[in-house]
Amino acid sequence: MRKKQAVLAILLLSVAVAFAADDLFRKIDKDADGKVSWREYSDAVDDKFAQRDTNKDGVLTADEMKSVATVGSDKAIKKIDANADGKINKQEFVTRAALQYKKIDKNQDGFIDVKEWKAAQSSPKAPMFILFTF
Ligand SMILES: [Ca+2]
Ligand SMILES: [Ca+2]
Ligand SMILES: [Ca+2]
């Protein structure tokens, strides 16, 4: 019995740590079911776009993308800028976010759980992830 309790305590603790480590995840997971659905993710992406678009003209320029500190903004823009006009419109941003969402959802169940979230954050391809970090 005591052993069981100890195991349970450790389990609960590791769950608590996993959650505490990612406030961002919890913020996006609006219904707090421990998974980020595409709807939740795209809501957050919408907010992010609006937030980055400081002059509110509906497109993101290199200057506006510079707020994405750790990412080389020119490189980041080229990756997202599908029509290569040097700016990122909402559609390009969302398209990229959708791609990213699919990548993060490793088991392809249509949801991002904490484990998948963390794996994506620590992956070498994290820069693209950081783009949509909130
Ligand atoms: Ca959720
Ligand atoms: Ca703008
Ligand atoms: Ca998943």
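On a predicted model such as this, the values are computed, not experimentally measured, just so you know.

Help me out: how do you make sense of the overall build of the protein in this one?
Across its full length, the protein holds 8 helices and 4 strands. The buried share among the 134 residues of the protein stands at 19%. Pairs at least 24 residues apart make up 53% of the contacts formed inside the protein by residues separated by at least 6 positions.

Explanation requested: the nonpolar core in the structure shown.
The tendency in soluble globular proteins is for nonpolar side chains to be buried as a group. Judged by nonpolar contacts, the single largest core of 17 residues is most densely connected at Ile28, Val36, Tyr41, Val45, Phe93, Tyr101 and Ile112. Apart from residues no more than four positions distant in its own chain, valine 36 is found in contact with Phe25, Ile28, Asp29, Tyr41, Phe111 and Ile112.

Is there a simple way to think about the environment of glutamate 40 in this case?
Take glutamate 40: it is sitting in helix H3 (residues 38-52). Note: C-alpha distance between glutamate 40 and lysine 30 (10 residues apart in sequence) is 6.7 Å. Not counting residues up to four positions away in its chain, the partners in contact with glutamate 40 are Ile28, Asp29 and Lys30.

Help me out: how do you make sense of the confidence of the model for the protein in this one?
Segments scoring low in pLDDT should not have their predicted coordinates read at a detailed level. Residues of the protein with pLDDT of at least 70 account for 70%, and the chain-wide mean is 79. Averaged pLDDT values over the elements of the protein bottom out at 53 in helix H8 (residues 126-130) and peak at 96 in strand E1 (residues 35-37). Confidence over residues 17-21 falls short of pLDDT 50; this stretch has 3 contacts with residues more than four positions distant or in other chains.

Whenever I open this one, the packing of H3 against helix H6 (residues 90-104) confuses me. Can you help?
Helix packing geometry: the angle between the two helix axes and the distance between the axes. Where H3 meets H6, the closest approach of the two axes is 10 Å, and the angle between their N-to-C directions is 140°. What the angle tells us is that H3 and H6 run oblique. Helix-helix and strand crossings are classified by hand; for H3 and H6 the assignment is right-handed. Contacts between H3 and H6 pair Trp38, Tyr41, Ser42, Val45 and Phe49 from the former with Lys90, Phe93, Val94, Ala97 and Tyr101 from the latter. Considering only residue class, the contact of H3 with H6 consists of 8 nonpolar, 1 polar and 1 charged.

What exactly am I supposed to notice about the environment of threonine 95 here?
One can find threonine 95 in helix H6. Judged by local crowding, threonine 95 falls into the partly exposed class, with 13 C-beta atoms found within 10 Å. It is 8.3 Å that separates the C-alpha atoms of threonine 95 and isoleucine 80, two residues lying 15 residues apart in sequence.

Would you mind showing me how to read H3 here?
Along its 15 residues, H3 runs 20 Å from first to last C-alpha, staying within 8% of the 21 Å computed at 1.5 Å per residue. For H3, the set of buried residues is Tyr41, Ala44, Val45 and Phe49. The arc that holds the buried residues of H3, viewed along the axis, is 145°, so those residues lie on one side. Turned more than 90 degrees from where H3 packs its buried face, Arg39, Asp47, Ala50 and Gln51 sit exposed. Tucked inside the fold, the buried residues of H3 contact helix H2 (23-28), E1, H6 and strand E4 (111-113).

Help me understand unusual backbone geometry in this model?
Peptide bonds are mostly trans, and most non-glycine residues show a negative phi. In this model, lysine 56 sits at a positive phi of 55°, which is unusual for a non-glycine residue. Tracing the chain through its elements places lysine 56 in the loop between H3 and strand E2 (59-60). The residue glutamine 108 is not glycine, and still its phi comes out positive at about 50°. Positionally, glutamine 108 belongs in the loop between H6 and E4. On the basis of neighbour count, glutamine 108 is assigned to the exposed category, with 7 C-beta atoms found within 10 Å.

Thresholds, definitions, all that
- Residues numbered from 1 in each chain as written.
- Chains lettered and ligands numbered in written order.
- Predicted model: local features only at pLDDT ≥ 70, side-chain atom pairs only at ≥ 80, totals over all residues.
- Helix = DSSP H or I, 4+ residues; strand = E, 2+ residues; numbered from the N terminus.
- Buried ≥ 20, exposed ≤ 12 C-beta atoms within 10 Å, placed from the backbone.
- Contact = placed C-beta atoms within 7 Å.
- Core = buried A, V, L, I, M, F, W, Y, C linked by C-beta atoms within 7 Å.
- pLDDT = per-residue confidence, 0-100.
- Axes fitted to C-alpha atoms, helices over the stretch in contact; angles between N-to-C directions.
- Parallel < 35°, antiparallel > 145°, perpendicular 65-115°, else oblique.
- Left-handed = near helix turned anticlockwise from the far one by under 90°.
- Nonpolar A, V, L, I, M, F, W, Y, C, P; charged D, E, K, R; others polar.
- Expected span 1.5 Å × (residues − 1).
- Arc of directions from axis to C-beta.

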